[in-house]
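Structural overview
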Amino acid sequence: MNTVHKIERWGDTHHPKVLDLVRVALGIFLLLKGLAFMDNTAYLQNLIEKQNIVYLSSGVLMGLVYYVTFAHLVGGALIALGTLTRFACIIQIPIVFAAVFLTGVFEASINAMLWPSIIALVLLCLFTIIGSGPWSLDKYLASWGDM
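From a predicted model like this one, the values you see are computed outputs, not experimental measurements.

**Topic: the overall build of the protein**
Within the protein, the regular secondary structure consists of seven helices and zero strands. Going from the N terminus to the C terminus, the protein shows its helices and strands as α-α-α-α-α-α-α. Scored against the burial criterion, the 147 residues of the protein give a buried share of 34%. A separation of at least 24 residues holds for 74% of the contacts in the protein among residues at least 6 apart in sequence. Of the roughly 9000 Å² that the protein leaves accessible, carbon and sulfur atoms contribute 72%.

Structure (structure tokens):
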């Protein structure tokens, strides 16, 4: 058995049910951030542009804006429902990592979303390891298929 299966088995056996409520809250938070970015793409575009890390053409910049928005919407819904949780967390981690370290840590002014982003990053890493848990659509579908 390889390391990934060992981690998955450990996560499935050591998962308190209260963490499922935390997982749902994280998913709803990410879904709401996706809706906020969809509602105001100019804000997200400005946020990415002001980092001045590399020059991005307008097409690449808009593609990045749409990727972040789509990933938050779909990933947040998947995490909240508890289906494909590890995959959804892996998709979210680079986005939230960039939000923490590019807009929060290196910026001179204090970012209002820094602490929620740090908490979301820690929880995404946690749910990547432990998975969706007993109160999830994955567990329900697995038990339904056993009937």
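**As for the packing of helix α2 (residues 18-39) against helix α6 (residues 114-130)**
Two numbers describe how α2 lies on α6: the axes approach to 11 Å, and their chain directions differ by 125 degrees. With respect to each other, α2 and α6 are oriented oblique. As for the relative orientation of α2 and α6, their crossing is left-handed in sense. Along the contact surface, α2 presents Leu19, Val22, Arg23, Leu26, Phe29 and Leu30, while α6 presents Pro116, Ala120, Leu123, Leu124, Leu126, Phe127 and Ile130. A per-class count over the contact of α2 with α6 returns twelve nonpolar, no polar and one charged.

The rules behind each value
Residues numbered from 1 in each chain as written. Predicted model: local features only at pLDDT ≥ 70, side-chain atom pairs only at ≥ 80, totals over all residues. Heavy atoms only, no water. Helix = DSSP H or I, 4+ residues; strand = E, 2+ residues; numbered from the N terminus. Buried < 20%, exposed > 50% of the residue type's maximum accessible area, 1.4 Å probe, protein only. Contact = heavy atoms within 4.5 Å. Areas by Shrake-Rupley, 256 points an atom, 1.4 Å probe, with all protein chains shown as cover. Axes fitted to C-alpha atoms, helices over the stretch in contact; angles between N-to-C directions. Parallel < 35°, antiparallel > 145°, perpendicular 65-115°, else oblique. Left-handed = near helix turned anticlockwise from the far one by under 90°. Nonpolar A, V, L, I, M, F, W, Y, C, P; charged D, E, K, R; others polar.

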